[in-house]
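Residue-level structural notes
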Amino acid sequence: LKPCAVYKDPFRPGSDNILVLCDCYKPDPDGPRGLGEPIPTNTRAACEKIMTKIKAAEPWFGIEQEYTLFEPDKKTPYGWPKEGQPGPQGPYYCSIGTENAFGRAVCEAHYKACLYAGINISGINGEVMPGQWEYQVGPCEGISSADQLLISRFLLLRVCEQYGVVVSFDPKPIPGDWNGAGCHTNVSTKAMRAEGGYDAILKAMERLGAPGKQEEHIAAYDPSGGLDNQRRLTGAHETASYKEFSWGVANRGCSVRIPRMTEKEKKGYFEDRRPASNMDPYIVTGKIMETTVLPDC
């Protein structure tokens, strides 16, 4: 175990207790600090190499983590009737009221836990499907973005444990006419944020849309090599089809959305809407940088 980041422990406040994020390596007595090669599931190591190479670009990420709360049976979304389904989507997004917002206590408790821990959490909201919520982590620079998202998920699991509910990161937890769950990843570099940075954003769009890149990114955007996202990225429910790349200004039906103000000010950021809610943030942030920034380094 190699310690990578330290956070305050919100479940044991008022003391020096901490949470330590570690990545894992094979033992090697002759290696530095006794560490050998990263174990196969250590995706942080590869991401860190990319982030080190592009450090001068000062990449910022803001990740929108969606999730769905379930009853302990893991079949019934929180707040849904045991038999049948609630009313159709419409009144639940950013909603208030007992009849619309199912699980706010969990969402708020998680928000407070993240703030105490030192996570750069920047917002929360109810999502389109009832029982589904979102929080945003960022902006964070480089590898710290994925580190903080991973710890925020740990905190969410702990909070749900206390409330007796189950959290699902499945990108399409309920089939049919219900929104899926994503992990939209907002991205910028120093060049994109500078005056005239829109040209750098358009260059990134060109690289993301290059032959073969859509397939590469879809395979990297969920832990099943793209199979999970095939259930979600259908072209419906505010998604673009996984089969082709698209981008547009203020268009939630595209693979990548460029905000209206970014186009107007000719600088800013873009939002990759393809990553699934169960994505590996090290793989996703590393892949985006590998495609859009690394060729210039």
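Positions within a chain are numbered from 1, following the residues in the order the chain's sequence is written. Where local features are concerned, this predicted model is filtered to residues with pLDDT of at least 70; where side-chain atom pairs are given and counted, the filter is 80 or more; whole-chain, interface and lining totals use all residues. Heavy atoms throughout the structure, all of them, feed into the side-chain values; hydrogens and water do not.

1. Examining the overall build of the chain
Applied cut-off: Counting from the N terminus, the helices are the DSSP runs of H or I reaching at least four residues and the strands are the DSSP runs of E reaching at least two. The quantity called the radius of gyration is restricted to C-alpha atoms. Its globule counterpart is 2.2 Å times the number of residues to the power 0.38. Partly exposed describes any residue whose relative accessible area lies between the buried limit of under 20% and the exposed limit of over 50%, with all areas from a 1.4 Å probe on protein chains only and scaled to the type maximum. Residue contacts are counted whenever heavy atoms from the two residues lie within 4.5 Å of one another. A residue counts as positive if it is Lys or Arg and as negative if it is Asp or Glu; His and the chain ends are not included. One atom stands in for each charge, and that atom is NZ of Lys, CZ of Arg, CG of Asp or CD of Glu.
Secondary structure assignment for the chain yields 9 helices and 12 strands. Against the compact-globule benchmark of 19 Å for 297 residues, the chain has a radius of gyration of 20 Å, which places it among compact chains. Per-residue burial for the chain yields a buried fraction of 51% across its 297 residues. Within the chain, contacts between residues separated by at least 24 positions form 65% of all contacts whose residues are at least 6 apart in sequence. In the chain, the 34 positive side-chain charges and the 38 negative ones have mean positions that sit 2 Å from each other.

2. Points about the side chain of D147
Test applied: Between N or O atoms, a polar contact is any pair within 3.5 Å; within protein, one atom must be a potential hydrogen donor and the other a potential acceptor, and residues adjacent in sequence are included only when both atoms are from side chains.
Position of D147 relative to the elements: it lies in helix α3 (residues 143–163). Residue classification places D147 among the buried residues on the basis of a relative accessible area of 3%. There is a polar contact of 2.5 Å between the side chain of D147 and the side chain of Y282. Apart from residues lying up to four places away in sequence, D147 is in contact with A5, Y7, L21, R44 and Y282.

3. Describing the pairing of strand β5 (residues 60–70)
Let me state the cut-off plainly: Strand pairing is assigned whenever DSSP identifies at least 2 bridges connecting the two strands.
The buried count for β5 comes to 10 of 11 residues, which makes it a mostly enclosed element. Bridge analysis of β5 against strand β7 (residues 132–141) gives 8 bridges, and the strand direction is antiparallel. For E66, the partnering residue across the bridge sits in β7 and is E134. Summarising the sheet, β5 and strand β8 (residues 166–168) pair through 3 bridges and their orientation is antiparallel. Bridging from a neighbouring strand, T68 pairs with S168 of β8.

4. Overview of helix α9 (residues 281–292)
The following threshold applies: Each helix should span, by expectation, one fewer than its residue count multiplied by 1.5 Å.
Spanning 12 residues, α9 covers 16 Å between terminal C-alpha atoms, matching the ideal 16 Å at 1.5 Å per step. Within α9, 10 of the 12 residues are buried, which leaves the element mostly enclosed by the surrounding structure. Along α9, the residues that are buried comprise P281, Y282, V284, T285, G286, K287, I288, M289, T291 and T292. At the N-terminal boundary of α9, the capping side chain belongs to D280, with an oxygen 2.9 Å from the backbone nitrogen of Y282.

5. With respect to the nonpolar core
Applied cut-off: In this text, buried Ala, Val, Leu, Ile, Met, Phe, Trp, Tyr and Cys residues form a nonpolar core when linked through side-chain atoms within 4.5 Å.
Core analysis: the largest hydrophobic core is formed by 57 residues, its most contacted members being Y67, I119, M205, F270 and M289. The greatest single-element share of this core, amounting to 8 residues, is contributed by α3. When sequence neighbours within four positions are dropped, the list of residues in contact with M289 reads I50, M51, I54, P59, F61, V187 and L294. With 5 residues, the next largest nonpolar core counts F70, W80, M129 and I174 among its residues.

6. What about the environment of I201?
For I201, the location among the structural elements is in helix α5 (residues 198–208). On the accessibility criterion, I201 (0% relative accessible area) is buried. Sequence separation between I201 and P175 is 26 residues; the distance between their C-alpha atoms is 35 Å. Other than its neighbours up to four places away in sequence, I201 contacts M192, I258, T262, G268, Y269 and F270.

7. Overview of the packing of α3 against α9
Each pair of packed helices can be summarised by the angle the axes make with each other and by the distance between the axes. Which entries qualify depends on this criterion: Only the contacting stretch of a helix is used when fitting its axis, a line to C-alpha atoms as for every element, and angles between N-to-C directions run 0 to 180 degrees. Orientation is classified from the angle alone, with under 35 degrees giving roughly parallel, over 145 giving roughly antiparallel, 65 to 115 giving roughly perpendicular, and any other angle giving oblique. Here a crossing is taken to be left-handed if its near helix is turned anticlockwise relative to the far helix by less than a right angle, and right-handed if that turn runs clockwise. The residue classification treats Ala, Val, Leu, Ile, Met, Phe, Trp, Tyr, Cys and Pro as nonpolar and Asp, Glu, Lys and Arg as charged. All others, Gly included, are polar.
Put simply, α3 and α9 touch, their axes get as near as 9 Å, and they point 155° apart. Considering the angle they form, α3 stands roughly antiparallel to α9. Between α3 and α9 lies a crossing whose hand is right-handed. Touching I143, A146, D147, L149, L150 and R153 of α3 are P281, Y282 and T285, all from α9. Its residues assigned to classes, the contact of α3 with α9 shows 6 nonpolar, 1 polar and 2 charged.

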